[in-house]
Amino acid sequence: MAGRNVLVTGGNRGIGLSIATALAEAGDNVVITHRSGEPPEGLQAVRCEVTDSASVDQAFADAEAIWGGPVEVLVANAGVTRDGLLMRMSDEDFDAVIDTNLAGAFRCARRAVKGMIKQRKGRIIFISSVVGLYGSPGQTNYSASKAGLVGLARSISRELGGRGITANVVAPGFIETDMTAELPEDRKKAYQATIPAGRFAQPEEVAAAVRFLAGDDAAYITGAVIPVDGGLGMGH
Ligand SMILES: NC(=O)c1ccc[n+]([C@@H]2O[C@H](COP(=O)([O-])OP(=O)(O)OC[C@H]3O[C@@H](n4cnc5c(N)ncnc54)[C@H](OP(=O)(O)O)[C@@H]3O)[C@@H](O)[C@H]2O)c1
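Residues numbered from 1 in each chain as written. Predicted model: local features only at pLDDT ≥ 70, side-chain atom pairs only at ≥ 80, totals over all residues.

Note the threshold: UniProt positions are given in the numbering used here, feature names are shortened, and annotations may be inferred rather than shown by experiment.
The name an unreviewed UniProt entry assigns to the chain is 3-oxoacyl-[acyl-carrier-protein] reductase, from the organism Pedococcus bigeumensis. Its UniProt record gives the chain the following Sequence similarities (unreviewed entry) comment, quoted word for word: "Belongs to the short-chain dehydrogenases/reductases (SDR) family." As its UniProt record puts it under Subunit (unreviewed entry), the chain is described as follows: "Homotetramer."

Shown next, in the form of structure tokens:
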């Protein structure tokens, strides 16, 4: 199971860093992408802006040079929020979130399957959100982008399932990262009250689900949505 070439987008912090660390500890050859700043210590890193196809292509080429071979597991994790009520949401905020969260994941998957098809094996894991299927006021752009990942994964499953490639979605609920640190305390408390588990999760709890989907035990799982949300979405 271990020793595969794994690329995690947005692996410099938050959930992506946790996923990268878990897979590296399991013995995989992990390369993370980072957009800004310095990469975390102890992990191989390449620069990537997922809204730019040329940058995605270069990042894969740089990672392939590090591995000496193609990517075997892609974790499309890079994502952003630009919240606002529908009536006041600008085209720019809608487009930016779709371009990063959905089109960015598409660009990475399109580049990744080139090598996977040749090898007749591959794992693609999209990091979506409970909000993709549950909905959320003030997050029409984010929710639509995350729901889109389900269609993307399912279509890839149908297109490339016969080539040994699986494509799955992990849908985290509220995870303690920079993204949720921005929430005001009263909203955090209100959200917690709606979560059956009664708490937010740690990034490592998302990483555990990704590690399972990337592993040999998940070879027959594709087109699935795996919630890691303390029951918030009730299995959706
Ligand atoms: N935290 C949660 O509760 C939660 C819940 C459900 C789903 N998620 C999803 O999980 C994923 C990770 O979330 P997180 O909480 O770890 O977020 P985070 O701490 O804000 O990290 C987001 C990561 O995405 C990268 N990124 C953003 N835009 C990018 C772009 N255009 N090109 C390349 N990289 C880009 C960021 O790079 P920089 O460091 O350069 O900004 C960063 O590495 C996201 O897809 C998010 O939607 C999070």
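We are not done yet, so read on.
1. So, the overall build of the chain
Cut-off, in case you're wondering: Labels follow the DSSP assignment, with helices taken as runs of H or I lasting at least four residues and strands as runs of E lasting at least two, numbered in each case from the N terminus. Only C-alpha atoms enter the radius of gyration, while the globule expectation follows 2.2 Å times N to the 0.38, with N the number of residues. Here exposure depends only on C-beta density: within 10 Å of a residue's C-beta, 20 or more other C-beta atoms make it buried, 12 or fewer make it exposed, and intermediate numbers make it partly exposed, the C-beta atoms being placed from the backbone. A residue pair is marked as a contact if its C-beta atoms, positioned from the backbone, fall within 7 Å.
Secondary structure summary: the chain contains eight helices and seven strands in total. Relative to the compact-globule value of 18 Å for 236 residues, the chain shows a C-alpha radius of gyration of 17 Å, a close match. Burial status across the chain gives 47% buried among its 236 residues. Across the chain, every contact between residues at least 6 apart in sequence was considered, and the portion connecting residues at least 24 apart equals 68%.

2. What about the site of the ligand?
Here is the rule we go by: The C-beta atom of each residue is placed using the backbone, and any residue whose C-beta lies within 6 Å of a molecule or strand is treated as near it. Polarity classes work like this: nonpolar for Ala, Val, Leu, Ile, Met, Phe, Trp, Tyr, Cys and Pro, charged for Asp, Glu, Lys and Arg, and polar for all others, with Gly in that last group.
In the neighbourhood of the ligand, 29 residues make up the surrounding shell, with Gly10, Gly14, Arg35, Gly79 and Thr177 lying closest. Looking at the shell around the ligand, the elements that each hand over two or more residues are α1 (14–25), α3 (91–119) and α6 (178–181). By residue class, the composition of the shell around the ligand is ten nonpolar, 15 polar and four charged.

3. Concerning the sheet that holds strand β5 (residues 122–127)
The condition that has to hold: Should DSSP find at least two bridges between two strands, the strands are taken to pair. Axis definition: a line fitted to C-alpha atoms, limited for helices to the stretch in contact. Angles are taken between N-to-C directions and run from 0 to 180 degrees.
Taken together, seven strands build an open sheet; the order of strands is β3-β2-β1-β4-β5-β6-β7 and the sheet is parallel. Looking along the sheet, the strands with just one partner apiece sit at the ends: β3 (44–47) and β7 (225–228). Each strand axis lies, on average, 20° off the axis of its neighbour in the sheet, ignoring direction. Those strands touched by helix α2 (residues 53–67) are β1 (5–8), β2 (29–34) and β3, and its axis lies near 155° from that of β3.

4. So, the pairing of strand β4 (residues 73–76)
Put simply, the test is: The handedness of a crossover follows from its direction of travel: if, with the strands pointing away from the viewer, the path from the first strand over the helix to the second runs clockwise, the crossover is right-handed.
Residue alternation in β4 divides its side chains into two sets, Val73 and Val75 and Leu74 and Ala76, and both sets are buried. Direction of pairing for β1 relative to β4: parallel, over a ladder of three bridges. Across the sheet, residue Val8 finds its bridge partner in β4, namely Val75. Following the backbone out of β4, through α3 and into the adjacent parallel β5, one traces a crossover that is right-handed.

5. Focus on helix α8 (residues 203–214)
Owing to its 3.6 residues per turn, the α-helix aligns residues three or four sequence positions apart on the same side. Note the threshold: Between the first and last residue of a helix there are one fewer steps than residues, each counted as 1.5 Å, and that sum is the expected span.
Its twelve residues give α8 an end-to-end C-alpha distance of 17 Å, which sits within 8% of 16 Å, the value for a rise of 1.5 Å per residue. Looking at the packing, one finds that the buried side of α8 touches α1, β4, β5, β6 (165–172) and β7.

6. Observations regarding the packing of α2 against α3
Selection criterion: Roughly parallel means an angle under 35 degrees; roughly antiparallel means over 145; roughly perpendicular covers 65 to 115; every other angle is labelled oblique. Helix crossings fall into two classes, left-handed where the near helix is turned counterclockwise from the far one by less than a right angle and right-handed where it is turned clockwise.
Look at α2 against α3: their axes get within 10 Å of each other, and the N-to-C directions meet at 40°. One way to sum up the angle between α2 and α3 is to call them oblique. Considering only the axes of α2 and α3, their crossing is right-handed. Here Ser53, Val56, Asp57 and Phe60 of α2 lie close against α3, whose contacting residues are Arg107, Cys108 and Arg111. Tallied by class, the residues present in the contact of α2 with α3 amount to three nonpolar, one polar and three charged.

7. Remarks on the UniProt feature "domain: Ketoreductase" (unreviewed entry) in the chain
Taking the UniProt record as the reference, the feature "domain: Ketoreductase" (unreviewed entry) is found at residues 4–178. Between the first and last C-alpha atoms of residues 4–178 the distance is 29 Å; the span itself is 47% helix and 18% strand.

8. Quick notes on unusual backbone geometry
The phi dihedral of Arg120 is positive, around 55°, even though this residue is not glycine. Tracing the backbone shows Arg120 in the loop between α3 and β5. Its 11 C-beta neighbours within 10 Å are what place Arg120 among the exposed residues. Residue Met234 is not a glycine yet carries a positive backbone phi of 50°. With 11 C-beta atoms counted inside 10 Å, the residue Met234 sits in the exposed group.

9. Here's the deal with the UniProt feature "binding site: NADP(+)" (unreviewed entry) in the chain
What UniProt calls "binding site: NADP(+)" (unreviewed entry) maps, in this numbering, to Gly10, Gly11, Asn12, Arg13, Asn77, Tyr142, Ser143, Ala144, Ser145, Lys146 and Ile175. These annotated residues cover 166 residues of sequence, and their C-alpha atoms reach 24.9 Å apart at the extremes, leaving them scattered rather than at a single site. Within the secondary structure, Asn77 is located in the loop between β4 and α3. Here Ile175 lies in the loop between β6 and α6. Contacts of Ile175, omitting those with residues within four sequence positions, involve Ile15, Thr180, Phe200, Ala201, Pro203 and Val206.

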